[in-house]
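Descriptive analysis of the structure
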Amino acid sequence: MPLAVIEASPDLAIELDVPNREYNPGETITGRVLRRSHVVSPEALVSIKFYGRTKVRVDYTTNTGNGSQHHTVRTRFDLLSVNNTIFKGPIHIPPDGSRTESWPFSLSLPMGPVNPQAIREGAKKKQKYSFLPIDPPEQITSHPLPFTFYTKVGSFWANGIEAYVEYVLQAELFEQHTSRFSSSPSAKKTASAVLPVALRPLPIPPLLPHEWCLNRWQKRQGVRTQRLIPAFAESEELSFKQKTLKLFHSSKVPKYSFDVLVLSPGVIQLGSVDPVPFRVAAVPKLGAADETSEEVRELERSPMVNVVSLKMVVKARTEVKAGSSWVADRFTDRTDKFFEWSWTWKEGEEGMALPVWDRRLAAAAGAAPGFGDEKKKMAEKEGLGSGGGEMSSAAVGSSPEGEPPARDIGAELGLRFNPMELAYRGGSAKMSAILYPDFTTYNIRRTHELKWEMVLSVAKETVKVSNGHLVRFVAPWT
């Protein structure tokens with residue numbers, strides 16, 4: 001089930017008024033069909049056809065008593081098909097090629113499928129073979145046309161999926177032909193040309209802050225080390241006794257408990273001018289039941305927590321519907337990791353310090369850290385610490401209402417997802433495949449998962465935290 005490719009020759013070719021342009025549903029495609037080679041025909045016809053389809057191929061193997069058996073299942077939905085005659089009459093192009101015939105055309109793209117019956121036939125008139133509803137048929141024309149898409153996961157020789165959405169222009173030239181077996185002339189196709197056309201996702205206005213749909217993740221962490229006490233904070237090497245106590249988790253070794261709070265995006269706009277929010281906070285747990293040692297609770301400032309590395313992985317999940325009950329029920333999706341990016345602070349750097357809650361400010365506020373507008377203003381006025389280094393304006397006070405002060409690592413690193421790369425401060429990371437927006441059509445559904453992993457440093461001790469969740473990528477604004 002190969003994708004359509006460009007077919008052009010002097011016999012017939014298709015040219016668009018704006019080459020390589022991507023179109024939106026509802027726009028008009030304009031261009032011309034060209035003939036440059038010699039031809040003499042008293043009666044000819046030139047047609048231009050525009051069709052769109054979504055196709056799936058699933059390959060899988062089953063074990064039999066004598067070995068394994070390979071199976072291939074295909075499904076296809078014809079989204080639209082428009083055929084126009086753009087010329088009818090005699091054609092004469094001299095052998096020297098001094099003249100070229102050109103026939104202009106103009107085709108208006110619909111907003112959705114134009115033939116509900118073809119869609120229902122693609123699903124064998126059964127809802128289980130379509131992600132989108134096919135009953136009643138009248139609602140099918142309201143479904144949006146999917147954008148141009150292609151993915152291939154796995155192998156044709158094992159378990160694999162190939163799925164795509166394509167739109168194609170096809171021109172054909174018919175000439176009058178008289179057979180010696182018939183006295184009446186007939187039309188014979190003597191040349192054809194093919195040109196794939198790309199449909200882009202419908203643009204979405206830039207996301208507002210609340211439309212990032214931040215995913216909230218929180219987990220208790222703790223470190224146990226003598227370096228939590230200022231007198232030992234700068235110690236390069238612990239004594240043998242100190243190491244032994246630490247190894248056996250002795251209660252004599254100070255412990256600091258804190259909650260790691262991460263606000264990561266649930267929606268990401270491709271090509272956004274605003275960086276992707278990724279906010280991280282360390283919330284001290286200083287209550288009597290929080291396992292923080294008394295000598296740590298009595299410190300004027302909570303221990304510093306630094307982010308020393310950040311790793312992000314994006315996985316794409318492709319689900320398909322195939323025209324077989326076995327495949328539809330048991331082989332519906334494949335996941336492909338096609339992007340992985342990591343940022344590590346250089347050796348000798350402390351990392352990106354998270355806001356520190358000062359106990360004196362907490363006493364003055366008379367409440368838990370980071371809650372309420374007044375406390376947030378006090379924190380900004382006093383300059384919540386960054387371990388002696390400068391902290392950007394995005395570090396504190398950028399969290400949603402009711403959240404502790406956090407550092408927006410995504411804003412400070414300038415993280416921006418584009419269809420072919422992740423741009424960040426000082427460089428970019430290439431995707432292994434095109435990052436498409438999430439979408440669902442009749443036999444294809446595309447979703448994504450974002451996984452992240454961070455290493456935090458506290459008093460020269462490190463802890464690792466990670467999480468993953470679904471994320472929805474949406475189309476660019478332009």
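Residues numbered from 1 in each chain as written. Predicted model: local features only at pLDDT ≥ 70, side-chain atom pairs only at ≥ 80, totals over all residues. Heavy atoms only, no water.

**Digging into the side chain of Glu162**
Counting through the fold element by element, Glu162 comes out in strand β8 (residues 160–177). Buried Glu162, no salt bridge; nearest opposite-charge side chain is Arg57, N-O distance 5.4 Å. A polar contact of 2.8 Å, which involves the side chain of Glu162, links it to the side chain of Tyr150. (Helix = DSSP H or I, 4+ residues; strand = E, 2+ residues; numbered from the N terminus. Buried < 20%, exposed > 50% of the residue type's maximum accessible area, 1.4 Å probe, protein only. Lys, Arg positive; Asp, Glu negative; His and termini not counted. Salt bridge = Lys/Arg side-chain N within 4 Å of Asp/Glu carboxyl O. Polar contact = N/O pair within 3.5 Å; in protein donor to acceptor, adjacent residues only side chain to side chain.)

**Overview of the sheet that holds strand β1 (residues 13–16)**
Taken in spatial order, the three strands of this open sheet run β1-β3-β6, and their pairing is antiparallel. Strands with a single pairing partner mark the edges of an open sheet, and in this sheet they are β1 and β6 (101–108). The mean angle between the axes of side-by-side strands here comes to 30°, regardless of whether they run parallel or antiparallel. As paired strands, β1 and strand β3 (residues 28–35) are joined by four bridges and run antiparallel to one another. What sits directly across from Ala13, in β3, is Leu34. (Pairing = 2+ DSSP bridges. Axes fitted to C-alpha atoms, helices over the stretch in contact; angles between N-to-C directions.)

**Things to note about the pairing of β8**
Taken across its 18 residues, β8 has 15 buried, putting it largely inside the fold. Inspection of the sheet shows strand β4 (residues 39–64) paired to β8 by 16 bridges, in the antiparallel sense. Residue Lys55 lies in a different strand from β8, and its bridge partner there is Tyr164. One ladder, built from six bridges, connects strand β7 (residues 149–154) with β8; its direction is antiparallel. Bridge pairing links Tyr150 to Tyr164 in β8. With eleven bridges joining them, β8 and strand β9 (residues 186–199) adopt antiparallel strand pairing.

**Quick word on the pairing of strand β5 (residues 67–93)**
Bridge count for β4 against β5 is 24 bridges, and the pairing is antiparallel. Directly across from Lys55, in β5, lies its bridge partner Arg76. Hairpin geometry of β4 and β5 is characterised by an intervening segment of two residues between the two adjacent antiparallel strands.

**With respect to the packing of aromatic side chains**
Tallied over the full model, the rule gives 14 aromatic pairs. Measuring from ring centre to ring centre gives 5.4 Å for Phe87 and Trp103, while their planes differ by 35°; the resulting arrangement is tilted. Of the two residues, Phe87 sits in strand β5 while Trp103 sits in strand β6, which places them 16 residues apart along the sequence. In terms of burial, Phe87 and Trp103 fall into one category: buried. With a centroid separation of 5.8 Å and 85° between ring planes, the pair formed by Trp343 and Tyr424 is classed as edge-to-face. Linking Trp343 in strand β15 (residues 333–344) with Tyr424 in strand β19 (residues 421–424), this pair joins segments that are 81 residues apart in sequence. Clustering of aromatic rings is evident, with ring pairs tying together Phe147, Phe149, Tyr436 and Phe439. Stacked on the ring of Tyr129, the Lys or Arg Lys124 has its end atom at 5.8 Å from the ring centre. (Phe/Tyr/Trp six-rings, centres within 6.5 Å; stacked < 30°, edge-to-face > 60°. Lys NZ or Arg CZ within 6 Å of the ring centre and 35° of its normal.)

**Remarks on unusual backbone geometry**
Working note: non-glycine residues mostly have negative phi, and peptide bonds are mostly trans. Between Asp135 and Pro136 the backbone carries a cis peptide bond, its omega angle lying at -5°. Its place among the elements puts Pro136 in the loop between α1 (116–122) and β7. Even without a glycine there, the phi angle at Asn20 is positive, about 60°. Within the fold, Asn20 resides in the loop between β1 and β2 (22–23). Its identity as a non-glycine residue notwithstanding, Lys125 has a phi of 60°, on the positive side. Along the chain, Lys125 turns up in the loop between α1 and β7.

**What about the sheet that holds strand β11 (residues 255–264)?**
Strands sit in the order β10-β11-β13-β17 across an open sheet of four strands; the sheet is antiparallel. Of all the strands in the sheet, the pair left with one neighbour each is β10 (215–224) and β17 (407–408). Note that β11 and strand β13 (residues 279–284) share six bridges and pair antiparallel. Bridged to Val260 within β13 is Ala282.

**Here's the deal with the pattern of salt bridges**
A complete count under the given rule lists 21 salt bridges for this structure. Across the salt bridge formed by Arg36 and Glu15, the nearest N and O atoms sit 3.2 Å from each other. Within this pair, whereas Arg36 is found in the loop between β3 and β4, its partner Glu15 is found in strand β1, the two being separated by 21 residues in sequence. Note on Glu15: relative accessible area 32%, which makes it partly exposed. The shortest N-O distance in the salt bridge between Lys430 and Glu421 comes to 3.2 Å.

**Some thoughts on the nonpolar core**
The biggest cluster of nonpolar side chains holds 52 residues, and the ones touching the most others in it are Ile29, Phe50, Phe105 and Leu169. Elements represented by at least two residues in this core include exactly β1, β3, β4, β5, β6, β8 and β9. Setting aside residues no more than four positions away along its own chain, Ile29 makes contact with Leu16, Tyr23, Phe50, Phe105, Ser106, Leu107, Leu109, Leu169 and Val197. Counting 47 residues, the second largest nonpolar core, distinct from the first, contains Val223, Trp343, Leu413 and Leu422. (Core = buried A, V, L, I, M, F, W, Y, C linked by side-chain atoms within 4.5 Å. Contact = heavy atoms within 4.5 Å.)

**Here we look at the environment of Leu270**
The topology assignment puts Leu270 in the loop between β12 (267–269) and β13. Sequence-wise, Leu270 and Tyr436 are 166 residues apart; in three dimensions their C-alpha atoms are separated by 8.5 Å. The residues touching Leu270, leaving out its near neighbours within four places in the chain, are Phe417, Asn418, Pro419, Leu435, Tyr436, Pro437, Phe473, Val474, Ala475 and Pro476.

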